[in-house]
Amino acid sequence: MASGIRTQSRWVILLVSVTSLLHEASAFYLPGLAPREYQKTEKVELRVNKLTSAKTQLPFGYYSLPYCQPEGGIKEAVENLGEQMTGDLVENSAYDINLLEVVQCTAMCTKKLDKTQKDKFRNMIEDEYLVNWMVDNLPAATRYRQTGSDYMYMNGFLVGIPQNGKYYLHNHVTLDLHYHTNPEKYEGFRIVGFEVEPRSATAIDGKPDCGATPTPLDLDAEGDIIFSYSVEWTESPIRWASRWDAYLKMSGAQIHWFAILNSLLILLFLSGMIAMILLRTLHRDIATYNEIPTTEEAKEETGWKLVHGDVFRKPNHSTLLTVFVGSGMQLLGMSVVTLVFAVLGFLSPAHRGSLLQSMMLLFTIMGVAGGYTSARLCKVFDGDEGRWKMTTLLNAFMFPGLFFAIFFFLNLCIWHEKSSGAVPFSTMFALLVLWFGVSVPLVFFGAYAGFRRDRMELPVRTNQIPRAIPEQQWYMGAIVTSLVGGILPFGAVFTELFFIMSSLWLHQFYYLFGFLSLVLVIVVITCAEISIALTYFQLTTEDYRWWWTAFSASASSAIYVFLYSIFYFNTRLQINHWVSVILYYGYMLIISIIFALITGTIGLLSSLQFVKGIYGSIKID
């Protein structure tokens, strides 16, 4: 007993140590961009990005509102595939900023707004749209709350504020740019911080009012609106490589930490109990089955050994199962490699759109793994050349086609709203080229390599005549076992899912890839164990139809993910526009399907190895 307690204590200490390392790793990244040294009075470019709102989820271009435009005309920056997919629209601005030059209350332009323009501003303020700017690839941040001695930052700043039935426009901004210098290592100055303090101020005698308590600018008031700005420079001890730390500090970090640790400990003990039950029971079963039975014992023999002649029988809809597993392996490979690069820091937040772009490229490349896995499983089911070709075609087109169809429909909805988030048709064509020109050939190549290999060696032969299956208890039905099995994988990912969804739908920064990697490991182990346990329990009832059970036992966790998305929508979000609702549930449906394929694939492949192992360890007459 004491030995067992000491062993568990060592596991807990090891777990805490690993989690601590991952926590530190989540805050570490390789900047990915070479630092730029500015010289005194050198021009510092301020670029504008899309206007975003957590209420509508529909981004719009900065100049869709009548802000001051640059004299030389608006110029769009070159964007990568990930930026185009997320609706980024980076453009130049009219702000004149030079390094270390302080600017005090300078007017940029004067606007006389008509009714239509005022209505645009009013709607944007009502929907809590945020203005997003960038300087030296650093997003503008608004300091909004102090906890102890640290401040929390909000990405961007509000277009304006509604109050008492009136709408106050932020027409003046104070730009506080932080710089770092180290003459011993480099010449010049590096920008390490970009804070914005927006204000609403009514002009006095045709000049901007930058006093301590200016009169707020009522959008409905008559008269011209003066857009003005001030620039301040603050020396900072923060090094260039650490300048993103302030942005990556997430609220509720302690809650996140303890919730993750709590989930780890619970799942560790659950996994230990499942493993103990299976190992002790299996050891007794195998020892019993390998003994020479008497005549009476042979007549009364029950359990999973009796179905040895049917355990590898081809399941119903075997082609669909192979496609599900092949697609799941493709997505699992994409997820693992993406997380490895993210933990190592190669997907820096300074590279906007790099995460989404990397995932899409890796999904394309992992078509090899998907095709190979589906072909190998097809051969287990004695698939001939015709079935192999059909399986490969479905693997290449079924789920990519489903995802593309949903995405295309959602994009049409965004385009109908004239949002900048609508992906251009040129980008859609590029996606089709990537799919048909790269992904499909790689799927066929992987399938060809898998089909060329010898059939997986199975420990027992399959009888020609199927064995009769005894009547099963209601709680051993496929639906009940699947719903029960999906609870544990969902419990493992629940905490991290909250932070991921907050990043997606509340526009918060997410960079805890160390934690996410740990969660992925837990999910893999949990899916494998729960599928193996339910497969074993089903075989002990002499029901050999375990293939779909092994897949759905873990894949059903996606049902809980989608149900949680409904709960999150009703408790955390304030979306009421019909297009925004369709966008939310459309993308959450895609995420849920992806989660189902990944977890189901892990469960089925783990159960396959388990079944091969137990039937290979007993004597078959």
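For the structure, see preceding data.
Remember, it's a predicted structure, so these values are computed and weren't measured experimentally.

1. A few points about a nonpolar patch on the surface
And step 1. A contiguous nonpolar surface patch, about 430 Å² in accessible area, is contributed by V336, V340, F341, L344 and F346.
And step 2. Within the secondary structure, V336 sits in helix α7 (residues 318–344).
And step 3. V336 gets classed as partly exposed once you look at its relative accessible area, which sits at 36%.

2. Re the state of the cysteines
And step 1. Scanning the model with the defined rule gives two disulfides in all.
And step 2. Shown here is the disulfide that connects C68 with C109, its sulfur atoms set 1.7 Å apart. On the sign convention where negative is left-handed, the bridge of C68 and C109, at about -80 degrees about the S-S bond, is left-handed. Of this pair, C68 sits in the loop between β1 (46–48) and α2 (81–85) while C109 sits in strand β3 (residues 103–111), and the two are 41 residues apart along the sequence. This pair shows no difference in class: C68 is buried, exactly as C109 is.
And step 3. Two residues share a disulfide in this structure: C105 and C210, whose sulfurs sit 1.7 Å from each other.

3. Some thoughts on empty space enclosed by the protein
And step 1. Summed over all chains, the structure comprises six cavities of 30 Å³ or more.
And step 2. Roughly 100 Å³ of internal volume is contained in the second largest cavity.
And step 3. Here the lining of the second largest cavity is built from residues that sort into ten nonpolar, four polar and no charged.

4. Observations concerning the packing of α7 against helix α17 (residues 578–615)
And step 1. The contact between α7 and α17 brings their axes to 8 Å, and the two run at 105 degrees. Classed by the angle they form, the pair α7 and α17 counts as roughly perpendicular. Only I594, L597, I598, T601, I602, L604 and L605 of α17 make contact with α7, whose side of the interface consists of L321, F324, V325, S327, G328, M329, L331, L332 and S335.
And step 2. Taken together, the residues of the contact of α7 with α17 sort by class into twelve nonpolar, four polar and no charged.

5. A few points about the packing of aromatic side chains
And step 1. Scanning the model with the defined rule gives 40 aromatic pairs in all.
And step 2. Centroid distance Y179 to F189: 5.6 Å. Interplanar angle 80 degrees. Geometry classified as edge-to-face. In this pair, Y179 sits in strand β12 (residues 172–180) while F189 sits in the loop between β12 and β13 (190–199), placing the two residues ten residues apart along the sequence.
And step 3. The class of Y179 is buried, set by a relative accessible area of 13%.
And step 4. Between Y584 and Y585 the ring centres are 5.1 Å apart and the planes differ by 85 degrees, which places this aromatic pair in the edge-to-face class.

6. Quick word on unusual backbone geometry
And step 1. The phi dihedral of L100 falls on the positive side, at around 65 degrees, and the residue is not glycine.
And step 2. As for its position among the elements, L100 is in the loop between β2 (91–92) and β3.
And step 3. Overall, the relative accessible area of 29% leaves L100 in the partly exposed class.

7. Section: the pairing of β12
And step 1. Taking burial as the measure, the nine residues of β12 include nine buried ones, the bulk of the element.
And step 2. Burial along β12 is two-sided: H172, T174, D176, H178 and H180 and V173, L175, L177 and Y179, pointing in opposite directions, are all buried.
And step 3. The pairing of β12 with β13 spans nine bridges and is classified as antiparallel. Across the sheet, residue H178 finds its bridge partner in β13, namely G193.
And step 4. In the sheet, β12 pairs with strand β14 (residues 225–235) via eight bridges, with the strands oriented parallel. The partner of T174 across the bridge, within β14, is S230.

8. With respect to the packing of helix α14 (residues 513–540) against α17
And step 1. Closest axis-to-axis distance for the α14/α17 pair is 8 Å, and the angle between their directions is 50 degrees. Taken together, α14 and α17 sit at an angle that is classed as oblique. Classified by chirality, the crossing of α17 by α14 is right-handed. Facing α14, whose interface residues are V523, V524, C527, A528, S531, I532, T535, Y536 and L539, α17 presents T599, I602, G603, S606, S607, F610, V611, I614 and Y615.
And step 2. When the residues that make up the contact of α14 with α17 are grouped by side-chain class, the tally is twelve nonpolar, six polar and no charged.

9. Here we look at helix α13 (residues 487–505)
And step 1. Along its length, α13 shows its largest kink, about 50 degrees, at F494.
And step 2. For α13, the complete set of buried residues consists of L488, P489, F490, A492, V493, T495, E496, L497, F499, M501, S502 and W505.
And step 3. Positioned one or two residues after α13, H507 has a phi angle of 55 degrees, which is positive.

The rules we used
Residues numbered from 1 in each chain as written. Predicted model: local features only at pLDDT ≥ 70, side-chain atom pairs only at ≥ 80, totals over all residues. Heavy atoms only, no water. Patch = residues over 30% accessible without salt bridge, like charges linked within 9 Å, V, L, I, M, F, W, Y side chains within 5 Å. Areas by Shrake-Rupley, 256 points an atom, 1.4 Å probe, with all protein chains shown as cover. Salt bridge = Lys/Arg side-chain N within 4 Å of Asp/Glu carboxyl O. Helix = DSSP H or I, 4+ residues; strand = E, 2+ residues; numbered from the N terminus. Buried < 20%, exposed > 50% of the residue type's maximum accessible area, 1.4 Å probe, protein only. Disulfide = S-S within 2.5 Å. 1 Å grid on protein atoms, 1.4 Å probe; cavity = no way out; pocket = protein on both sides within 12 Å on 5 of 7 lines; lining within 4 Å. Points joined across faces, edges and corners; volume = space filled by probe spheres on them. Nonpolar A, V, L, I, M, F, W, Y, C, P; charged D, E, K, R; others polar. Axes fitted to C-alpha atoms, helices over the stretch in contact; angles between N-to-C directions. Parallel < 35°, antiparallel > 145°, perpendicular 65-115°, else oblique. Contact = heavy atoms within 4.5 Å. Phe/Tyr/Trp six-rings, centres within 6.5 Å; stacked < 30°, edge-to-face > 60°. Pairing = 2+ DSSP bridges. Left-handed = near helix turned anticlockwise from the far one by under 90°. Bend = angle between axes of the 7 residues up to and from the residue.

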